[in-house]
Amino acid sequence: MYKHRLVTIVAWLCFAFIFLPLILIVVTSFNSADSISLPLEGFSLQWFVKVFRSRSLVQSLKNSLVLALVSSTIGIVFGLLSSIALVKRPGKISTILLSIFLSPSLIPGIVIGYVLFHFLVVSLQLPLNLALILGHLLVVMPYSVRIICASLKDIDESLEEAALTLGCPPSRAFMKVVLPNLRPAMISAFMLSFINSFNNIPVSMYLKGPGMNTLPYAMMNHIEYNYDPTVSALSVMLMGLTLVLMIAMDWSMSAQRLKSKAAQGE
Amino acid sequence: MKTSRYVVLLGPFVILAMVCLMIPLFITILPSFFTPGFSFSYYTDFFTDSFSRNILIRSLRLSLITTVICIVIGLPASYYISLMKENRRRIILSLILFPLLTNAVVRGFAWISILGKNGLINQLLQCLGLVDEPVKLLYTDFAIVVGSVYLFLPVMLSTLTSVMEGIGEDVIEAAYSLGAPPVATFFKVIVPLSFSGVLVAGVLVFAGTISAYTTPTLLGGNQNMMLATLLYQQSNTLSNWTNSAVIAFIMILISLGVMKIFNLIAATVDKRAEGHV
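Everything numeric in this text was worked out from a predicted model, so none of it was measured.

Chemist: What should I look at first to understand the overall build of chain A in this one?
Modeler: Scanning chain A from N- to C-terminus turns up 11 helices and 0 strands. The secondary structure elements of chain A, listed N-terminal to C-terminal, are α-α-α-α-α-α-α-α-α-α-α. For chain A, the C-alpha atoms occupy an extent of roughly 70 × 65 × 35 Å along the three principal directions. The buried share of chain A, reckoned over its 266 residues, is 40%. If you take every contact in chain A between residues at least 6 apart in sequence, the share linking residues at least 24 apart comes to 77%.

Structure (structure tokens):
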């Protein structure tokens, strides 16, 4: 009612710009032609088969999954510990530490990759897999701290105090009262950490080595030498993974919302 | 909380931040100020060398163009989304979030297949008989801008939409019932009220574009380098530690500088807003 026709046109062009390239990838991954081209020739799953035949892609996919899993898991545990300290004892030191924990998202990724490579690999000569895990922990640190801190601040402190007054020991009060309320935040922190670690290029690129490649970088190499829909097929699988993670995140949040509504008797 | 417990809880991430961020940054960047005595000569070299200066200027220019394009497209598109019905709005917002969570390589690859020599646009142009030879679209500044806009438009849209949702229909209705045509409503009411969102998202887009590595590598090629690609070339291919440190420090300065400018503008805007009340 309040919009000019031009607004509608720009908006739809914008949606087309955002979604058409991704749709193009999905469509051509099922096309039998051996280059990305239209019109379509015929349905085929050969590019998906080819992904699993490529040893470098499969190996780097495994590496990336393990790396993302390990760094996000450690990340949310450390993130939880730090958030408790930062929220329960606010002050100047906590403010400074918080901005340090969030800084890896402000500093360009390629700079982080380079200084890590220079210090951990060249100066300290750490093994690459350890350097990779440390680097990815640094990548996920801002996400876990930011999300868990925000949620911890929102939790009504009187709940924990009630448990303590009723004679619950502090550790048990935390496990039984605070932790369950933090679950949705921990899940979103994990998912975001996972996605960011899995998609990271600049840090992994510097810390890779023989047999230690990650998927995004292996894909970049693949594109450089082969121009066929194998990468489309792999991209479709990655989009599927992203979709599953998004739905899982949404589901865990709404499940929690339903529960808290039920608890409030709504 | 007892100090001992505070230290233990914070220990892991403090050690990580020190060993993997603060100390490496310090040790890597410090030597770029010594030749061997303290001097800025590596930095003056960087700025006087036309090759590296051009890359710096290109990075700044392309990031600025990308930011402006994202704002120009983002304002009307977010306005459109913010006027949608609740259910449709939520669906479109999660759809917009989706490319944001997709790998940058995947998104770059999509544009390679569109802009490439045998890409869709060239196939189409040749099919229609408009050109005989394929047009060079890939490995140009244009391709970098398209890819960067594609990368960061979702950020702009989600930020602006959440700001515009807060404007409220009564404000728009007021403008409308006082006789403002839709165009005037958009430029005199919606755009000024979304200024804070434009600022936040603009900083994210600019800082993101200027520090991106994947997109300029895939779409710009070797000829059209940006700061991030130059840093990788200097450090990994040429192992030139001092040059790399110079570039790294300049990139950090730009990122922090953009944040600082943003905070200053935000502070003056806040003051002006207070003055009006």
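Now that the structure has been shown, we can carry on.
Chemist: Quick question: what am I supposed to make of the overall build of chain B here?
Modeler: Each helix and strand in chain B was counted, giving 13 helices and 0 strands. Ordered by position in the sequence, the α and β elements of chain B form the string α-α-α-α-α-α-α-α-α-α-α-α-α. Seen through its principal axes, chain B has C-alpha atoms that stretch 70 × 70 × 35 Å. Here the analysis covers contacts within chain B between residues at least 6 apart in sequence; of these, 74% occur between residues at least 24 apart.

Chemist: Even after reading the chapter, I still don't get the nonpolar core, so can you show me in this structure?
Modeler: In summary, soluble globular proteins display a tendency toward joint burial of nonpolar side chains. Counting residues in hydrophobic clusters, the biggest one holds 137 residues, and the most contacted among them are A:Leu116, B:Trp111, B:Leu153, B:Met156, B:Leu227, B:Leu231 and B:Ala248. Sort the elements by how many residues they give to this core and helix H7 (residues 141-165) of chain B lands first, with 15 residues. A domain split of this core shows at least three residues from each of domain 1 (1-44) and domain 2 (50-263) of chain A. The residues contacting B:Met156, other than those within four sequence positions of it, are B:Cys70, B:Ile71, B:Gly74, B:Ala201 and B:Val205.

Chemist: Looking at this structure, how should I read the environment of A:Phe30?
Modeler: All names here are of chain A. Relative to the helices and strands, Phe30 resides in the loop between helix H1 (5-29) and helix H2 (46-53). On a C-alpha basis, the gap between Phe30 and Gln46 in space is 8.0 Å, while along the polypeptide they are 16 residues apart. Setting aside its immediate chain neighbours within four residues, Phe30 contacts Phe43 and Ser44.

Chemist: Could you clarify how one ought to interpret the interface of chain A and chain B in this entry?
Modeler: By a frequent convention, interface size equals the accessible area lost on bringing the separate parts together. At the junction of the two partners, chain A supplies 58 residues and chain B supplies 64 residues. When residues of the side of chain A that touches chain B are traced back to their parent elements, those giving at least two are H1, helix H3 (55-88), helix H4 (92-102), helix H5 (109-123), helix H6 (128-154), helix H8 (170-199), helix H10 (215-225) and helix H11 (230-263) of chain A. Looking at which element gives the most residues to the side of chain A that touches chain B, the answer is H1(A), with 10 residues. Tallied by class, the residues present in the side of chain A that touches chain B amount to 44 nonpolar, 11 polar and 3 charged.

Chemist: Is there a simple way to think about the environment of A:Phe19 in this case?
Modeler: One can find A:Phe19 in helix H1. Taking C-alpha positions, A:Phe19 is 40 Å from A:Leu120, a pair spaced 101 residues apart along the chain.

Chemist: Please clarify how H1(A) should be interpreted in this entry.
Modeler: Note: α-helices contain 3.6 residues per turn, so residues at a spacing of three or four share the same orientation. Its 25 residues give H1(A) an end-to-end C-alpha distance of 36 Å, which sits within 8% of 36 Å, the value for a rise of 1.5 Å per residue. Along H1(A), the helix axis deviates most sharply at A:Phe19, where the bend reaches about 35°; the proline A:Pro21 sits within four residues downstream.

Chemist: In this structure, what is going on with the packing of helix H7 (residues 157-165) of chain A against H8(A)? I would like to understand it.
Modeler: Relative placement of two packed helices is described by the angle separating their axes and the distance separating the axes. All names here are of chain A. In contact at an axis separation of 9 Å, H7 and H8 are set at 135° when each is read in the N-to-C sense. It follows from the interaxial angle that H7 and H8 lie oblique. Here the hand of the crossing between H7 and H8 comes out right-handed. Contact residues: Leu159, Glu160, Ala163 and Leu164 in H7; Pro170, Ala173, Lys176, Val177 and Val178 in H8. Looking at side-chain class alone, the contact of H7 with H8 contains 7 nonpolar, no polar and 2 charged residues.

Chemist: Can you walk me through the domain arrangement of chain A in this structure?
Modeler: Residues and elements named next belong to chain A. According to the domain assignment, chain A consists of domain 1 (1-44) and domain 2 (50-263). Each of domain 1 and domain 2 was reduced to a C-alpha centroid, and the two centroids are 31 Å apart. By residue class, the composition of the side of domain 1 that touches domain 2 is 3 nonpolar, 4 polar and 1 charged.

Chemist: Teacher, can you tell me more about unusual backbone geometry here?
Modeler: Residues apart from glycine generally show negative phi values, whereas peptide bonds are mostly found in trans. Residue and element names in this part refer to chain B. Its identity is not glycine, yet Tyr139 carries a phi of approximately 60°, on the positive side. Note on placement: Tyr139 falls in the loop between helix H6 (120-127) and H7. Although it is not a glycine, Ser239 sits at a positive phi angle of roughly 50°. For Ser239, the position within the fold is in the loop between helix H12 (227-237) and helix H13 (241-276).

Chemist: Can you walk me through the confidence of the model for chain B in this structure?
Modeler: A low pLDDT means the predicted coordinates there should not be read in detail. Residue and element names in this part refer to chain B. Residue-level pLDDT values for chain B average 88, and 98% of them are 70 or greater. The weakest mean pLDDT in chain B belongs to helix H8 (residues 169-177) at 81; the strongest belongs to helix H3 (residues 50-82) at 94. Across the predicted assembly, pTM comes out at 0.89 and ipTM at 0.89.

About the criteria used
- Residues numbered from 1 in each chain as written.
- Chains lettered and ligands numbered in written order.
- Predicted model: local features only at pLDDT ≥ 70, side-chain atom pairs only at ≥ 80, totals over all residues.
- Helix = DSSP H or I, 4+ residues; strand = E, 2+ residues; numbered from the N terminus.
- Buried ≥ 20, exposed ≤ 12 C-beta atoms within 10 Å, placed from the backbone.
- Contact = placed C-beta atoms within 7 Å.
- Core = buried A, V, L, I, M, F, W, Y, C linked by C-beta atoms within 7 Å.
- Domains from an automatic or database assignment.
- Nonpolar A, V, L, I, M, F, W, Y, C, P; charged D, E, K, R; others polar.
- Expected span 1.5 Å × (residues − 1).
- Bend = angle between axes of the 7 residues up to and from the residue.
- Axes fitted to C-alpha atoms, helices over the stretch in contact; angles between N-to-C directions.
- Parallel < 35°, antiparallel > 145°, perpendicular 65-115°, else oblique.
- Left-handed = near helix turned anticlockwise from the far one by under 90°.
- pLDDT = per-residue confidence, 0-100.

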